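So you can see what is in the structure, the chains are spelled out below.
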Amino acid sequence: GQNIDQPTEMTATEGAIVQINCTYQTSGFNGLFWYQQHAGEAPTFLSYNVLDGLEEKGRFSSFLSRSKGYSYLLLKELQMKDSASYLCAVSVMNSGGYQKVTFGTGTKLQVIP
Amino acid sequence: EAGVAQSPRYKIIEKRQSVAFWCNPISGHATLYWYQQILGQGPKLLIQFQNNGVVDDSQLPKDRFSAERLKGVDSTLKIQPAKLEDSAVYLCASSLDRGAGTGNTEAFFGQGTRLTVV
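Residues take numbers from 1 onward in each chain, read along the sequence in its written order. Written order determines the labels here, with chains lettered from A and ligands numbered from 1. Only residues with pLDDT of at least 70 are given local features in this predicted model, and only at 80 or more are side-chain atom pairs given and counted; all residues enter the totals for whole chains, interfaces and linings. Each side-chain value is worked out from all heavy atoms of the structure, with water and hydrogens disregarded.

Caption draft 1: Main features of the interface of chain B and chain A. The contact criterion used throughout is that any non-hydrogen atoms of two residues lie within 4.5 Å. Taken together, the contact pairs 28 residues of chain B with 24 residues of chain A. Where chain B abuts chain A, roughly 1,900 Å² becomes buried across the two surfaces, and 49% of that area is made up of carbon and sulfur atoms. Within this document, salt bridges are pairs made up of a side-chain nitrogen of Lys or Arg and a carboxyl oxygen of Asp or Glu, the two lying within 4 Å of each other. Counting the contacts that link chain B with chain A gives 1 salt bridge. Residue A:K100 is joined to B:D56 by a salt bridge in which the shortest nitrogen-to-oxygen separation is 3.2 Å. Nitrogen and oxygen atoms within 3.5 Å of one another constitute a polar contact, given that in protein one can donate a hydrogen and the other can accept it, and given that sequence-neighbouring residues count only through two side-chain atoms. Viewed at the interface, chain A and chain B are joined by 6 residue pairs in polar contact (both at pLDDT 80 or more). Elements with a minimum of two residues in the side of chain B that touches chain A: β4 (31–37), β5 (44–50) and β6 (53–56) of chain B. Just so you know the grouping, Ala, Val, Leu, Ile, Met, Phe, Trp, Tyr, Cys and Pro go in nonpolar, Asp, Glu, Lys and Arg go in charged, and all remaining residues, Gly too, go in polar. A breakdown of the residues in the side of chain B that touches chain A according to their chemical character gives 9 nonpolar, 13 polar and 6 charged. By convention, the term buried area covers the 1.4 Å-probe accessible surface removed from two parts as they join, with the contributions of both added. Helix and strand definitions follow DSSP, with helices as H or I runs of at least four residues and strands as E runs of at least two, each counted in order from the N terminus.

Caption draft 2: Structural detail: the sheet that holds strand β7 (residues 65–68) of chain B. All names here are of chain B. Read across the sheet, 4 strands follow the order β1-β3-β8-β7 without closing on themselves; strand pairing throughout is antiparallel. Of all the strands in the sheet, the pair left with one neighbour each is β1 (5–7) and β7. In this sheet, neighbouring strand axes are inclined to one another by 15 degrees on average, regardless of whether the strands run parallel or antiparallel. Here, any two strands with at least 2 DSSP bridges between them count as paired. Sheet topology places β1 next to strand β3 (residues 19–24); 3 bridges connect them, and they run antiparallel. Following the sheet pairing, S7 is matched in β3 by W22. Every axis corresponds to a line fitted to the C-alpha atoms, with the helix fit spanning only the stretch in contact, and the corresponding angles, defined between N-to-C directions, vary from 0 to 180 degrees.

Caption draft 3: Main features of the state of the cysteines. Note on terminology: pairs of cysteine sulfur atoms within 2.5 Å are recorded as disulfides. Taken as a whole and judged by the stated rule, the model has 2 disulfides over all chains. Two residues share a disulfide in this structure: A:C22 and A:C88, whose sulfurs sit 2.0 Å from each other. Taking the torsion about the sulfur-sulfur bond, which here is approximately -70 degrees, the covalent link between A:C22 and A:C88 counts as left-handed. A residue pair is termed long-range when its members are at least 10 positions apart, and A:C22 in strand β3 (residues 18–25) and A:C88 in strand β9 (residues 84–93) qualify at 66 residues. Considered together, A:C22 and A:C88 belong to a single accessibility category, that of buried residues. In this model B:C23 forms its disulfide with B:C92; the gap between the sulfur atoms is 1.9 Å. Disulfide B:C23 to B:C92: torsion about the S-S bond roughly -70 degrees, handedness left-handed. Taken together, the positions of B:C23 in strand β3 and B:C92 in strand β9 (residues 88–95) put the pair 69 residues apart, joining distant regions of the chain. Of the two residues examined, B:C23 and B:C92, each falls in the buried class. When accessible area is computed with a 1.4 Å probe and restricted to protein chains, residues below 20% of their type maximum are described as buried, those above 50% as exposed, and intermediate ones as partly exposed.

This is the structure in structure tokens:
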């Protein structure tokens, strides 16, 4: 199985930068997703990394180091609407060639004025 | 593009009763997932379908949970009988993943069904 660790809660100030870390231990690693989930809503896709390095998409960036089993999500110019849970999810390929995605417990980010 | 549709949005039942949830995935999405999300936790995969076949149900409590995806489109998840610990949000998601190592594809989630067992 997969063991995924991320902080439970974080607080950051509007306009600032915050980094949410995720570490994982798995066999058959086939990529890592980040999802955003506002309270009472469904998760929505933010990013996907399969190769080492940084992927930038607007205010959000995601980094992956496969050798270290480590990823982070970087949020810049924080806005109040960024208050949400951020889910790290690891993909492995099962015997049938389908991806199986396992989610971490999520990091609840609170943005304060 | 229409998203993943789920119903009902909310359901309250007594323990030992049965309940069913329905999901209509995005048109053309071969893979359908049912996740259980307990408050304060991440989604936990219950079952994964590729078209109308099951590719993973290793975490499905098969003594009380069942799911089907007839004709490879809509799906239903049933709990019978329900226990208090089944109180959670049940999320349905779909993706374009067609297997055979065709690469990772993001999942699109429905709004979920919030189940309360009393």
